[in-house]
Amino acid sequence: MAFDVKAKIEELAAKIKNDAKLREKFQKEPVAAVEELLGIDLPDEQIQKLVDGIKAKIAVDNLGSAASALGSIFGKK
């Protein structure tokens, strides 16, 4: 199975961010949530790399949203 890891991280992060139930599962059991999304069972070490990437992507997106909100508070866009 070969896929673009960066694209897959972005895809999975978007799915997790937009689905409250999935987001809750990802917070409690990130490896299981990612395996479910992928539809395959891989060794935890391999999935953990994706989990780390997804967490980083979500954090960056949240930081960007927070910065944008602060900018609008102070009249900057």
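Residues numbered from 1 in each chain as written. Predicted model: local features only at pLDDT ≥ 70, side-chain atom pairs only at ≥ 80, totals over all residues. Heavy atoms only, no water.

Chemist: Whenever I open this one, the overall build of the chain confuses me. Can you help?
Modeler: Helix and strand content of the chain: four helices and zero strands. Secondary structure elements in the chain, listed N-terminal to C-terminal, are α-α-α-α. Nonlocal contacts in the chain, meaning residues at least 24 apart in sequence, comprise 45% of its contacts between residues at least 6 apart. A total of about 5,500 Å² of accessible surface is found on the chain, and carbon and sulfur atoms cover 55% of it. (Helix = DSSP H or I, 4+ residues; strand = E, 2+ residues; numbered from the N terminus. Contact = heavy atoms within 4.5 Å. Areas by Shrake-Rupley, 256 points an atom, 1.4 Å probe, with all protein chains shown as cover.)

Chemist: Explain the confidence of the model for the chain here, please?
Modeler: Should the pLDDT be low somewhere, the predicted coordinates at that spot are not to be read in detail. Of the residues in the chain, 78% have a pLDDT of 70 or more, and the chain-wide mean is 84. Mean pLDDT across the elements of the chain ranges from a minimum in helix α4 (residues 44-73), with 79, to a maximum in helix α2 (residues 20-28), with 94. (pLDDT = per-residue confidence, 0-100.)

Chemist: Would you explain the packing of α2 against helix α3 (residues 30-38) in this entry?
Modeler: Relative orientation and spacing of two packed helices are given, respectively, by the angle between their axes and the distance between those axes. Interhelical geometry of α2 versus α3 gives an angle of 135° and a closest axis separation of 5 Å. By the angle class used here, α2 and α3 are oblique. Residues Leu-22, Lys-25, Phe-26, Gln-27 and Lys-28 of α2 form the contact with α3, whose participating residues are Pro-30, Ala-32, Ala-33, Val-34, Glu-36 and Leu-37. Across the contact of α2 with α3, the residue classes tally to seven nonpolar, one polar and three charged. (Axes fitted to C-alpha atoms, helices over the stretch in contact; angles between N-to-C directions. Parallel < 35°, antiparallel > 145°, perpendicular 65-115°, else oblique. Nonpolar A, V, L, I, M, F, W, Y, C, P; charged D, E, K, R; others polar.)

Chemist: Just checking my understanding: could you explain α3 for this structure?
Modeler: An α-helix turns once every 3.6 residues. As a result, residues three or four positions apart point the same way. Within α3, burial applies to Pro-30, Val-31, Ala-33, Val-34, Glu-35 and Leu-38. Taken from the residues just after α3, Gly-39 is the one with a positive phi, measuring 80°. (Buried < 20%, exposed > 50% of the residue type's maximum accessible area, 1.4 Å probe, protein only.)

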